[in-house]
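# What the coordinates show
Listed below, chain by chain, are the residues.
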Amino acid sequence: MKLATYKDGSRDGQLVVVSRDLTTAHYATGIASKLQQVLDDWGFVSPQLQDLYDALNNGKARHAFPFDPVQCMAPLPRAYQWADGSAYINHVELVRKARESEVPGSFYKDPLMYQGGSDDFIGPCDDVVCPSEDYGIDFEAEVAVITGDVPMMSTPEQALEGIRLVMLVNDVSLRNLIPNELAKGFGFFQSKPATAFSPVAVTLDELGDAWDQGRVNLTMQSTWNGRKVGMCDAGSEMTFHFGQLIAHICKTRNVRAGSIIGSGTVSNKGVESDGKADWPKGYSCIAEKRAIETIQDGKPSTEFMKFGDTIRIEMKGKDGELVFGAIDQKIVQAAPVK
């Protein structure tokens, strides 16, 4: 099934069930008003939502209405936890190579992860608000999962059983703030503003055989200012699958229902062509494009995002139709606090 949260003026919005083709929706009122309620009691509540989903797809839902992504908050508007990984080691390799730094051997065995802010997610069509272009505004196209309860010390295989929903992410980064933050030794903070998610989150069965043991074997498409810049394979080159990312967190603590785990920037390796490396699948963040330019030309030439820029992130199923809807945002300047 496909689930979304509609804006209603509150912090948590109203849960809606969305049809498979993303054309119609139905409030889940009477079953659950918020997605967190569903996650807290998945075994009891989700079958009732599935019945409503089936009725909606069969044209038998009594109070269906046209689905509008603009009205969506993040599927889970605020979460108990937002932990983002860097599961595509190629991304790390490129960024490190650009600054002539080696990737430590441990990175290939132990996932990189950071804990981001989970109190202020934004909807798929909400503006990305930033105080200054000088901060180095960048998009990051990622995949994420929402979990149920996963006990401490779970294996990767056990952790996979705790995944409830999958969605897309724009994990906005302010690149020019990152170096000073990392130099302090405590990691990202101001350099990671509010994260955006796709209009709908989907259960694993919606992905069919594209869901492959913790990986999504579909293409992540990124379109910047109307120009397609990334058509990256989200499955084959994911070094650590979602079960491994969740198990990494579970090494020392429980993961509770309503936790969101991100994949990190979807990234694919280059290919050799006429003795020169090329990246035909493009990129899922500007920092990676700049790293490629540095490797090839000695310096980056692509600038970060400006006010008025747009970014669209989407993923189509094997039938050519959108799976999650699209993240479709504009970069705008923050207004002074009055």
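Anyway, here's the lowdown on the structure attached to this text. (Residues numbered from 1 in each chain as written. Predicted model: local features only at pLDDT ≥ 70, side-chain atom pairs only at ≥ 80, totals over all residues. Heavy atoms only, no water.)

## Here we look at the pairing of strand E21 (residues 310-315)
In the sheet, strand E16 (residues 219-224) pairs with E21 via 5 bridges, with the strands oriented antiparallel. Along E21, the bridge assignment pairs Thr223 with Arg312. Relative to strand E22 (residues 327-333), E21 runs antiparallel, the two sharing 4 bridges. Directly across from Ile313, in E22, lies its bridge partner Ile327. (Pairing = 2+ DSSP bridges. Helix = DSSP H or I, 4+ residues; strand = E, 2+ residues; numbered from the N terminus.)

## Notes on the packing of helix H3 (residues 89-98) against helix H7 (residues 286-297)
Two elements in contact, H3 and H7, have axes separated by 8 Å at closest approach and are oriented at 45°. Our classification of the angle between H3 and H7 gives oblique. For the pair H3 and H7, the crossing hand works out as left-handed. On H7, the residues that touch Asn90, His91, Leu94, Val95, Lys97 and Ala98 of H3 are Glu288, Ala291, Ile292, Thr294 and Ile295. Looking at the contact of H3 with H7, its residues break down into 6 nonpolar, 3 polar and 2 charged. (Axes fitted to C-alpha atoms, helices over the stretch in contact; angles between N-to-C directions. Parallel < 35°, antiparallel > 145°, perpendicular 65-115°, else oblique. Left-handed = near helix turned anticlockwise from the far one by under 90°. Contact = heavy atoms within 4.5 Å. Nonpolar A, V, L, I, M, F, W, Y, C, P; charged D, E, K, R; others polar.)

## Things to note about the pairing of strand E5 (residues 81-85)
Both faces of the sheet carry side chains from a regular strand, because those side chains alternate between them. With 5 of 5 residues buried, E5 lies mostly within the body of the structure. The sheet contact formed by E5 and strand E6 (residues 113-116) spans 4 bridges and is antiparallel. From the neighbouring strand, Gly85 faces E6, where its bridge partner is Met113. (Buried < 20%, exposed > 50% of the residue type's maximum accessible area, 1.4 Å probe, protein only.)

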